[in-house]
Amino acid sequence: MNILSFDIEEWYFEKFLYGDRKEMYPVYMGYLDRILDMLDREGDKATFFCVGEMAKHFPDVIRKIDTRGHEIGCHSNTHTWLNKLTEEQMYADTRDSLASIEDAIGRKVISYRAPAFSIGESNKYAFEVLAECGIECDASVYPASRDFGGFSSFGAKEPCIIKIGNKSIKEFPICLTTAFGRGFAYSGGGYFRLLPLWFVKKVLSSADYGMCYFHIEDLMYRKYKMHDREFFENYYKIPGTFKNRFVRMIKGSIGTKGAFNEMEQLVSSFEFVNLEKADQLINWNETKVIDLKGNI
Ligand SMILES: [Zn+2]
């Protein structure tokens, strides 16, 4: 089973962090239209995880995706990493986001992805918060270590049920492959851009479970441009040294030239479903149960 997902946030970043360059909005919309047309052509439905503040300020973008028949999920309210928020702040963030998205589409939202997969050992309570807010399916776990966290002790690499407190939630982790004894993602984001397409196809075709995830920014051709120190420190919450900003620039820009075409080739080479459909197809009585109770 292969799941296709997109994280929609560029309009929000543009308005509140990148300087509200008006000329960029039609550019983002152009990419979104190309994605929606591709999905129509392939007959695929995807899950689009949307930032709540986007739904508030750009409801037409969210409605457009919704009316084309795709699932709308939640991608937090302001794209603040969950491990930077207290439990109470995360609760407010999730509740505000769901209110804005549900208001835009007139429908309940039950799927969630954390910004930058920011649920790990230190904030496992996040699953309980999500379940309390009505989220049934989550796709936030990166079950290995990575630059900004990850959840290496999670204990499952395929869809499973998380039990925490008296709540439970269905988890769809990011799928990984292994090299040099270390697990890493290959089917989305910067990893997809860095790896050759033949490699991604090979790993995906031999796996029982795949979770592909893209941002419009992953698929846009971008010239190498370094963030200024203020933006960098504000967003990444680490010192904006030349080295840190340089590394981020390389990671954020490399491989963007052919990325959209490669994503299209990948989508046309495999069968994909969205989270909503995957939830129906999985026999949850047979999946692993991860009990996080007692560890928090
Ligand atoms: Zn995101």
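Residues numbered from 1 in each chain as written. Predicted model: local features only at pLDDT ≥ 70, side-chain atom pairs only at ≥ 80, totals over all residues. Heavy atoms only, no water.

## Notes on the packing of aromatic side chains
Here is step 1: Going through the model one piece at a time under the given rule, you end up with 16 aromatic pairs.
Here is step 2: Ring geometry for F6 versus F48: centroids 5.0 Å apart, planes at 20°, classification stacked. Of this pair, F6 sits in strand β1 (residues 2-8) while F48 sits in strand β2 (residues 47-50), and the two are 42 residues apart along the sequence. Considered together, F6 and F48 belong to a single accessibility category, that of buried residues.
Here is step 3: With a centroid separation of 5.5 Å and 85° between ring planes, the pair formed by F172 and W284 is classed as edge-to-face. Here W284 lies in the loop between α13 (275-281) and β13 (289-291) and F172 lies in the loop between β9 (167-171) and β10 (176-179), a separation of 112 residues in the sequence. Judged on exposure class, the residue F172 and its partner W284 are both buried.
Here is step 4: Here the aromatic cluster, defined as three or more aromatic residues joined through ring pairs, consists of F6, F48, F192 and F214.
Here is step 5: Sitting over the ring of F16, K15 keeps its end group 5.9 Å from the ring centre. (Phe/Tyr/Trp six-rings, centres within 6.5 Å; stacked < 30°, edge-to-face > 60°. Helix = DSSP H or I, 4+ residues; strand = E, 2+ residues; numbered from the N terminus. Buried < 20%, exposed > 50% of the residue type's maximum accessible area, 1.4 Å probe, protein only. Lys NZ or Arg CZ within 6 Å of the ring centre and 35° of its normal.)

## Re the coordination of the zinc ion
Here is step 1: Bound to the zinc ion on the protein side are E9 (OE), H75 (NE2) and H79 (NE2), at distances that span 2.0 to 2.1 Å.
Here is step 2: Spacing between the donor residues of the zinc ion along the chain follows E-x65-H-x3-H. In this pair, the class of H75 matches that of H79, namely buried. (Donors = N, O, S within 2.8 Å, 3.2 Å for Na, K, Ca; no water.)

## Here we look at a nonpolar patch on the surface
Here is step 1: A contiguous nonpolar patch, built from F242, F246 and V247 and spanning about 280 Å² of accessible area, is present on the exposed surface.
Here is step 2: Here F242 shows up in helix α11 (residues 242-253). (Patch = residues over 30% accessible without salt bridge, like charges linked within 9 Å, V, L, I, M, F, W, Y side chains within 5 Å. Areas by Shrake-Rupley, 256 points an atom, 1.4 Å probe, with all protein chains shown as cover. Salt bridge = Lys/Arg side-chain N within 4 Å of Asp/Glu carboxyl O.)

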